[in-house]
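Fold and contact review
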Amino acid sequence: MLTNFKSTSYINNQWLSLPADGEGMLSDGKLLARRHLWQEGPWHCLTWEFTNQGDSPIAMGSCHLAEIDTLQDSGRADSIYLDSNGGWFSGVVRVTSRLPNMDWEYWKEVFCAQEDIAWADAIQGGDLSNGSHYSLGGMSIYLRPNHPALFLGFVVPRQRSTAMPIVLNDPQTGTVRCIALVNNFAGYQLQPGETITTETALWREDANPHRLLEEYADFCVKVRNLRLRHDTPPIGWLSWYGYRLEITEEECVRIADFINREYPGFGFNYFQVDLGYNTQNLPGQWFGTNNHFSRGLAHYCEEIRKRGFTPGIWCAAFCVAESSDFFREHPDACTRWSGDAPGCWFWEPKDPLYYLDPTHPAAQEFIAKVLNHFKEAGAEYFKIDFMNRLGRVDHEFQPHDAKIVKGTQAYRLACQTLTDHLAPTDYLYSCSNLLFDSVGYASTSMSACDIANTGIRKALAEGDDSKLNFYRMQFATTMARYYIHKKFLLLNPDGICIAPPADREEAWFRTLFVGMSGGQVFLGDRFDLAEPAVRDYVKRVLPPYGEAARPVDLFRKPYPDGRPEILHLHTPQREVVGLFNFGGRDAIEVDWQELGLSGKYEAWEFYERKYLGVLDTTRPFAYPLPFPSARVLLLTPVSDRPQVIATTFHFTGGAVELSDIAFDQSTNTLHGKLIRPAGDVGSLNIKVPDGFTCDLAEATPNVVGLPLVGTGTPLDWEVHCATM
């Protein structure tokens, strides 16, 4: 726990100690500093407030609200949960390691204060690689053997300042060298008479790190009075993985028709086109279309609406190419991509690239014009990409509006500009963004990097594991953020990719991941080229169950040794356990205590349609499965009456497709209702216990199958049994 901490702040380009007793004057008696320390339930809360009582501006830099230089019993066995706040890694790493794709070497220059980099560099002896941890998402959990987990972080969404925990460990021994809760005012010029307050720091301990994550989200929802923009995961299609820049209006229309034939009644609504439609495919050139959409966006949207879909559009709204009209007319409203020179757009023609200054009136007017253009064309789903650098704090960016703090406040101003020009029903997907700073504005957020196209198992067979490693990283990052789903915003697993060369196993683990994330279900590639049986797997995760599974082994499998592979969903009918073999093992061992389960369960594997018998949680259990692959265990408490233990319709085994199930003892009849789209073929798997018989054919000993076909409306079904 944080006790006997010190506090420091970088003021007028020098580090100053903050008053140990919580209040005092700094900067030659011109700056009043006040500490506010309180407790809400188990949460310890801390802010520092600064008031300029002088007659000239004061430059406010980083503030270390609380800093300690030791942690009892820290060492090499420790690990830490970190969140990159973007599409980069989120999860647990060894303290002697580092985030695998969020290193100090680049992103620190964009999102961290220079004074903090120098401070950390001095402590770490000039090497900010292994052992140097910063959690841009604003929170972390420190784990030591034989100690409660220690939460360190800030209330999100942060309001004005970028704030994060920084943890520095000895890269050899793992011993803590320093832990600091850091708020960066990013050089803000505090005017005479003005007061500024840090973000609210939090800490607490708990034996259960999952509980820390989940109750942290609950606490933030309460403190910030958060309301979801949308609370139901959407179903749709996106163009990127299937077509990249080769997408055309004609192909969009063909795919829309194909979806209507292939998935009638399955709820497909949104139809989102990615980059490939606008003038030269350049950012800033949003008001015209290229020859792939020669009749314009309005015509495209009209054709999509005729087919029953809501049009969606991708747009890098805050990026502009150097050749764009806006840059030529308003260069003062633009800032370099990063560093001393602009970067270049990723695709041809690779124009120099700039960001809009979200505080500049001309930039705000341009965003309004862009969104109004799309809305007039008919779009109601907006995927706004490449937003993360709007939260930059480096010296290259100086906001036009000096009252805005660089970092979080500038980023959230950009988000507000978007929502100011959208209807409340418009769906907003913030992409390549800062996830926690998008909370309160976005419907959903990029939850990991792009999921990438298929061919994982094919590449492995050829000796290339790079595709699997990349996919595994995105899977683990998304599921490490399970606790934010339906609290901060909707989790987003990206698209379902099942096109060749995906085989059955790859299609299974890709669709199951999307289903167990609880987020959107969007077809993402040339799924129309897959075999009909493979396309059918998409139906098995529709409609979305809507709840995110808990990665139960998240905290015992730190990177680089491992990553979570066991996902658990609790449904009213049964426990749903997803097993993902991405680590090359012969079998996945199930820890019943980790799942929080006790007693005996009827066990059914969904994909292979296998009855596994009764599993006793007092005994160890390991399930064999190929590498890489996934399986779903459906676990139903044992009963002395006939009961449904699974269906073949949906991976949850009844949570979305069955209702009103009851067993009538007077007639020995099991009955209920099936709710599936018309023509969807499947069966209910019913366990008939000893003492009963049933005239249905056995799918396996003591389990009978009831074939059913969906009607699009609730379908009554019943099974008559007899006592022996």
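For clarity, every value in this text was computed on a predicted model and none was experimentally measured. Going along each chain's sequence as written, the residues are numbered from 1 onward. In view of the model being predicted, local features appear only for residues whose pLDDT reaches at least 70, and side-chain atom pairs are presented and counted only at 80 or more, with totals across whole chains, interfaces and linings using the full set of residues. To get the side-chain values, take all heavy atoms of the structure and skip hydrogens and water.

Another point: the overall build of the protein. The numbering of helices and of strands both runs from the N terminus, where a helix is a DSSP run of H or I of at least 4 residues and a strand a run of E of at least 2. Within the protein, the secondary structure is distributed over 14 helices and 43 strands. We compute the radius of gyration from the C-alpha atoms alone; for a globule the expected value is 2.2 Å times N to the 0.38, where N is the number of residues. Its C-alpha atoms give the protein a radius of gyration of 27 Å, within 12% of the compact-globule value 27 Å for 724 residues. With respect to the principal axes defined by its C-alpha atoms, the protein has extents near 90 × 65 × 50 Å. For every residue, the accessible area obtained with a 1.4 Å probe (protein chains only) is divided by the maximum for its type, and the residue is called buried under 20%, exposed over 50%, and partly exposed between those limits. Across the 724 residues of the protein, 63% fall into the buried class. In the protein, once contacts between residues fewer than 6 apart in sequence are set aside, the share between residues at least 24 apart is 71%. With residues, only the protein chains shown are counted as cover, and all accessible areas are computed by Shrake-Rupley using a 1.4 Å probe. With the model as given, the accessible surface of the protein reaches about 25,700 Å², and the carbon-plus-sulfur share is 48%. Charge counting follows a simple rule: Lys and Arg are positive, Asp and Glu are negative, and His as well as the terminal groups are ignored. By convention, the charge on Lys lies at NZ, on Arg at CZ, on Asp at CG and on Glu at CD. On the protein, the mean spot of the 64 positive side-chain charges and the mean spot of the 89 negative ones are 2 Å from each other. The contact criterion used is simple: two residues touch if any of their non-hydrogen atoms lie within 4.5 Å.

Okay, the state of the cysteines next. When the sulfur atoms of two cysteines come within 2.5 Å, that pair is taken as a disulfide. Across all of its chains, the model carries zero disulfides by this definition. Note on Cys 220: no disulfide assigned, nearest cysteine sulfur contributed by Cys 45 at a separation of 10.0 Å. Unpaired in this structure, Cys 694 has its nearest cysteine sulfur neighbour in Cys 721, at a distance of 4.4 Å.

What follows covers unusual backbone geometry. For the bond from Val 156 to Pro 157, the omega torsion is 0°, close enough to zero to count as cis. Take Pro 157: it is sitting in the loop between strand S11 (149–154) and strand S12 (162–169). Omega for the bond connecting Phe 627 with Pro 628 falls within 30 degrees of zero, at -15°, which places this linkage in the cis form. Phi angles above zero are rare outside glycine, and Asn 85 is one such case at about 75°. Summarising the element assignment, Asn 85 is placed in the loop between strand S7 (79–83) and strand S8 (90–94). Within the chain, Asn 668 stands out as a residue other than glycine whose phi angle is a positive 55°. Topologically, Asn 668 is positioned in the loop between strand S37 (658–664) and strand S38 (669–674). Take Asn 668: its relative accessible area is 15%, and that puts it in the buried class.

As a further point, take the sheet that holds strand S29 (residues 566–570). When DSSP finds two or more bridges between two strands, those strands count as paired. Spatial strand order, S28-S29-S30-S35-S32-S33: six strands in an open sheet with antiparallel pairing. For this open sheet the edge positions go to strand S28 (550–551) and strand S33 (610–616), each flanked by a neighbour on one side alone. Two elements, strand S30 (residues 575–581) and strand S35 (residues 629–637), share seven bridges in a ladder whose sense is antiparallel. Its bridge partner lying in S35, Asn 581 is registered against Ser 629.

Read across the sheet, four strands follow the order S37-S38-S43-S40 without closing on themselves; strand pairing throughout is antiparallel. The sheet is open, and its two borders are formed by S37 and strand S40 (692–694), each paired with just one other strand. Each strand axis lies, on average, 25° off the axis of its neighbour in the sheet, ignoring direction. Pairing of S38 with strand S43 (residues 715–723), which is carried by six bridges, proceeds in the antiparallel orientation. Pairing of Gly 672 across the sheet is with Trp 717, part of S43. Only the contacting stretch of a helix is used when fitting its axis, a line to C-alpha atoms as for every element, and angles between N-to-C directions run 0 to 180 degrees.

Salt-bridge detection follows one rule: a side-chain nitrogen of Lys or Arg within 4 Å of a carboxyl oxygen of Asp or Glu. Enumeration according to the criterion identifies 45 salt bridges in this entry. For the salt bridge of Glu 49 with Arg 34, the shortest nitrogen-to-oxygen distance reads 3.3 Å. With a gap of 15 residues between them, Glu 49 in strand S5 (residues 43–52) and Arg 34 in strand S4 (residues 31–40) connect regions that are remote in the sequence.

Our next topic: the pairing of strand S31 (residues 587–590). On S31, burial follows the alternation: Ile 588 and Val 590 on one face are buried, whereas Ala 587 and Glu 589 on the facing-out side are not. In the sheet, S31 pairs with strand S34 (residues 621–624) via four bridges, with the strands oriented antiparallel. Within the sheet, the bridge partner assigned to Glu 589 lies in S34 and is Ala 622.

Attention now moves to the packing of helix H8 (residues 361–377) against helix H9 (residues 408–420). Here H8 crosses H9 at 40°, and the two axes come no closer than 9 Å. In terms of axis orientation, H8 runs oblique to H9. Classified by chirality, the crossing of H9 by H8 is right-handed. Within the contact between the two elements, H8 uses Gln 364, Ile 367 and Leu 371 and H9 uses Leu 413, Thr 417 and Leu 418. We call Asp, Glu, Lys and Arg charged. Ala, Val, Leu, Ile, Met, Phe, Trp, Tyr, Cys and Pro are nonpolar, and the rest, Gly among them, are polar. Among the residues forming the contact of H8 with H9, the class breakdown is four nonpolar, two polar and no charged. Roughly parallel means an angle under 35 degrees; roughly antiparallel means over 145; roughly perpendicular covers 65 to 115; every other angle is labelled oblique. For any helix crossing, the convention is left-handed if the near helix is rotated counterclockwise from the far helix by under a right angle, and right-handed if that rotation is clockwise.

Structurally, the position occupied by Arg 144 is in the loop between strand S10 (139–143) and S11. Discounting residues that sit within four places of it in the chain, Arg 144 has contacts with Leu 71, Gln 72, Asp 73, Ser 74, Asp 78 and Glu 205.

Packed helix pairs are characterised by how far apart their axes lie and by the angle those axes make with each other. Between helix H11 (residues 466–480) and helix H12 (residues 504–517), whose axes approach to 11 Å, the crossing angle comes to 15°. On the basis of their axis angle, the class for H11 and H12 is roughly parallel. Crossing handedness for the pair H11 and H12: left-handed. Judged by residue contacts, Tyr 471, Gln 474, Phe 475, Thr 478 and Met 479 of H11 engage Phe 509, Arg 510, Phe 513, Met 516 and Ser 517 from H12.

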